[in-house]
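# Structure assessment
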2 protein chains.
Amino acid sequence: MLHLQHLEQLIAFADQGTLSKAAEVLLISQPSLTRNMQQLEEELGVVLFERSKNKLQLTETGEYTVGLARQLLADSDTFLERVHRFSLQATTLFAGISAPGVEWEIQNRLAEAESEQIIHFDLKEKERLVQGLLAEDYQFIVTDSPVQEPNILSSSYFREQLYLSVPESHPFASKESIQLADLASLTMLLRSDLGIWQDLIDSLTETKFIVQKDWEAFTELISASTLPSFSTNITQMISEGNGQRVDIPIDDPEATKTFYLSALEKNERIYKQMQSL
Amino acid sequence: MLHLQHLEQLIAFADQGTLSKAAEVLLISQPSLTRNMQQLEEELGVVLFERSKNKLQLTETGEYTVGLARQLLADSDTFLERVHRFSLQATTLFAGISAPGVEWEIQNRLAEAESEQIIHFDLKEKERLVQGLLAEDYQFIVTDSPVQEPNILSSSYFREQLYLSVPESHPFASKESIQLADLASLTMLLRSDLGIWQDLIDSLTETKFIVQKDWEAFTELISASTLPSFSTNITQMISEGNGQRVDIPIDDPEATKTFYLSALEKNERIYKQMQSL
DNA sequence: ATGCCTTACGTTATACGTAATTATT
DNA sequence: AATAATTACGTATAACGTAAGGCAT
């Protein structure tokens, strides 16, 4: 049966001109390539090469075959791509995340890519996310620090920065930026289930928080109230232009988190898929 | 790299429903097929099968992949076919034959198939034809008896029957058939280079022959002369409707020869190509 | 009990790389 | 000399079949 690998090697020879160079490009030995090309000829039952003692040249049939081979390999690639696309689309991905903003960010990217990909998100602490990744409960996880384990791919994904969101009438509205310390005197609206951001909130012992669990209700609450709340660069992307409020960046380094995407090496395809969104 | 063989096996599974049956059809063992399908899944990075303890079923992605695989294998087949066609057409075939009628017959068939195949014919005795075949001087030979040697394909190809060709005015013209013995008294026009037919001619010691070597001249001679000559079912196919002459079949068994097509097993492709003309 | 899939294991065959050979520039 | 293709040879990988196990009908 025809080996696509041999066609690839034939093409390499056509491109490089000699078996030696082709073998170098293909990272195999020349003798191996020689044999494979002999085998290909045998398999096709056709004379692809004109052999002088020291030179190997494509016959007319060889040239023609190279052209067809390129086409067939292209067909093979589209085959692979279609299978992958179908599989991804047919599969609900399971993602473990450490902050709600990650889900918003990803959904946002999916929408922009017009992807129909369905992803189920779980919000957990990092340790449990890594466990879930190893147990293959998740195809990928997004955490606020890299995952350094064997067989796990991990790289930085995106950054999220906290902003203070206040009505235009608020005394802070004109500030270029503020510090967390400035929030001490405030009473703020706050969602629950903030993942890694919770630590930061807990450190603000002087600030009063009115916590709303239901997220839709929270959104309504904000537009109806003049109380300050938090927003991030990601929430701004989503709910742009509800002009009533001003977003003021918070300077402190704790207010900016870098998120890292991680997946098992065996799920490299999904990893790259998420990266490229 | 993707193995087309695995795709073929996947399709066999889809067609047969179980690995066991598919393995039987494919003439491999079930465990081998199991592994290959696991390997295919690994290679594609996709879940093709839903595995119960005792049952293997295609997932939706699996079904989809089968469809694409059929297409890709079809592409692979057209690739092979095109390569073969091109190669055949680009190559001048060398044929060894034992009678001139063989060339006419084959050229006739090529013409009917609208083939551009170029074939060079050599007229020799059988022994030298077989030698030439083994030495690969010929891609195929056509002899009046089968070639029984290892690694040589050989089967009957077509039959050629001698006719006596006479003008309508000739006393024999009304006969349904005649015997070689009836030719004893005749003076006939004859070509040279008759291959295996020469023996039969030589046995007609009573008949006088006027031999013409140049074949075009011979054809002119015939239409200009009222002398009888030989024709065969094959020459009749070629020069039909020069209504001046009548062809009377010769009954004797020696007047009918069966020709056999032979080629090296490695040239099976050409062998079948010639057979299917 | 029979059919089916998977894993384990030993063997075989295939594929590869190194080294040697021959020829060309 | 240097480059290039092929052949020879030993090794390592991988593919296969047999055997065995587990599970369902």
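The structure under discussion appears in the preceding block.
These lines cover the structure that appears in this document, whether it is placed above or below. It should be emphasised that the depicted structure is a prediction, and the values quoted were computed from it without experimental measurement. (Residues numbered from 1 in each chain as written. Chains lettered and ligands numbered in written order. Predicted model: local features only at pLDDT ≥ 70, side-chain atom pairs only at ≥ 80, totals over all residues. Heavy atoms only, no water.)

## Quick word on helix α6 (residues 126–134) of chain B
All names here are of chain B. Using the following cut-off: Each residue's exposure class comes from its accessible area (1.4 Å probe, protein chains only) as a fraction of the maximum for that residue type: buried when under 20%, exposed when over 50%, partly exposed otherwise. Numbering of helices and strands starts at the N terminus; helices are DSSP runs of H or I of at least 4 residues and strands are runs of E of at least 2. Summarising the geometry, the arc corresponds to the directions from the helix axis toward the C-beta atoms. Only heavy atoms matter for contacts: two residues are in contact if any of them lie within 4.5 Å across the pair.
For α6, the set of buried residues is L129, V130, G132 and L133. On an axial view of α6, the arc spanned by its buried residues comes to 160°, and they lie on one face. If you follow the buried residues of α6, they end up packed against β3 (92–97), β4 (118–123), β5 (140–143), β6 (152–167) and β11 (256–264). Once α6 finishes, E136 follows within two positions and takes phi at roughly 65°, a positive value.

## A short note on the protein's contact with DNA strand C
Quick note on the threshold: Proximity is defined per residue: if any heavy atom of the residue lies within 4 Å of a molecule or strand, that residue is considered near it. Side-chain atoms alone can form a polar contact between residues adjacent in sequence; in general such a contact is a pair of N or O atoms within 3.5 Å, and within protein one must be able to donate a hydrogen while the other accepts it.
Around DNA strand C there are 19 residues in total, and S29 and R35 of chain A together with S20, R51 and N54 of chain B lie nearest to it. The sugar-phosphate share of atoms of DNA strand C within 4 Å of the protein amounts to 63%. Contact between DNA strand C and S32 of chain A: a phosphate oxygen at 3.3 Å from a side-chain N or O atom of the residue. Breaking the surface near DNA strand C down by element, the ones donating at least two residues are α3 (30–44) of chain A together with α2 (19–26) and α3 (30–44) of chain B.

## As for the interface of chain B and chain A
Note the following rule: Defined in terms of a 1.4 Å probe, buried area is the accessible area two parts forfeit on being brought together, summed over both. For this document, the term salt bridge refers to a Lys or Arg side-chain nitrogen within 4 Å of an Asp or Glu carboxyl oxygen.
On the chain A side, the residues contacting the 28 residues of chain B number 28 residues. In this assembly, chain B packs against chain A so that about 2700 Å² is buried in total across both faces, 76% of it on carbon and sulfur atoms. Between chain B and chain A we count 0 salt bridges in total. Put simply, chain B and chain A have 2 residue pairs in polar contact (both at pLDDT 80 or more) between them.

## Looking at the protein's contact with DNA strand D
Counted only if it meets this: Gly counts as polar in this scheme, as do all residues outside two lists: the nonpolar Ala, Val, Leu, Ile, Met, Phe, Trp, Tyr, Cys and Pro, and the charged Asp, Glu, Lys and Arg.
Around DNA strand D sit 21 residues in total, of which S20, R51 and N54 of chain A together with S29 and R35 of chain B are the nearest. When atoms of DNA strand D within 4 Å of the protein are sorted by moiety, sugar and phosphate together comprise 63%. N54 of chain A places a polar side-chain atom, nitrogen or oxygen, 2.9 Å from a base nitrogen of DNA strand D. Side-chain polar atom of Q39 of chain B to a phosphate oxygen of DNA strand D: 3.3 Å apart, as the coordinates give it. Put simply, the parts of the chain that give the surface near DNA strand D at least two residues each are α2 (19–26) and α3 of chain A together with α3 of chain B. Looking at the surface near DNA strand D element by element, the count peaks at 5 residues for α3 of chain B. Grouping the constituent residues of the surface near DNA strand D by class yields 5 nonpolar, 10 polar and 6 charged.

## Topic: the packing of aromatic side chains
For clarity, the threshold we go by: Classification of ring pairs uses Phe, Tyr and Trp, with its six-membered ring standing for Trp, and accepts pairs whose centres are within 6.5 Å; under 30 degrees between planes counts as stacked, over 60 as edge-to-face, and the remaining range as tilted. We count a charge as sitting over a ring when the NZ of a lysine or the CZ of an arginine lies within 6 Å of the ring centre and within 35 degrees of the ring normal.
Under the criterion given, the structure shown has 10 aromatic pairs over all chains. With centroids separated by 4.1 Å and ring planes inclined at 10°, the aromatic side chains of F86 of chain A and Y64 of chain B adopt a geometry described as stacked. Residue F86 of chain A is found in helix α4 (residues 60–90), and its partner Y64 of chain B is found in helix α4 (residues 60–90); the two belong to separate chains. Accessibility expressed as a relative area gives 23% for F86 of chain A, which makes it partly exposed. Chaining the aromatic ring pairs together yields one cluster made of Y157, F158 and F259 of chain A. For R109 of chain A, the ring lying beneath its charged end belongs to Y157 of chain A, and the centroid distance is 4.8 Å.

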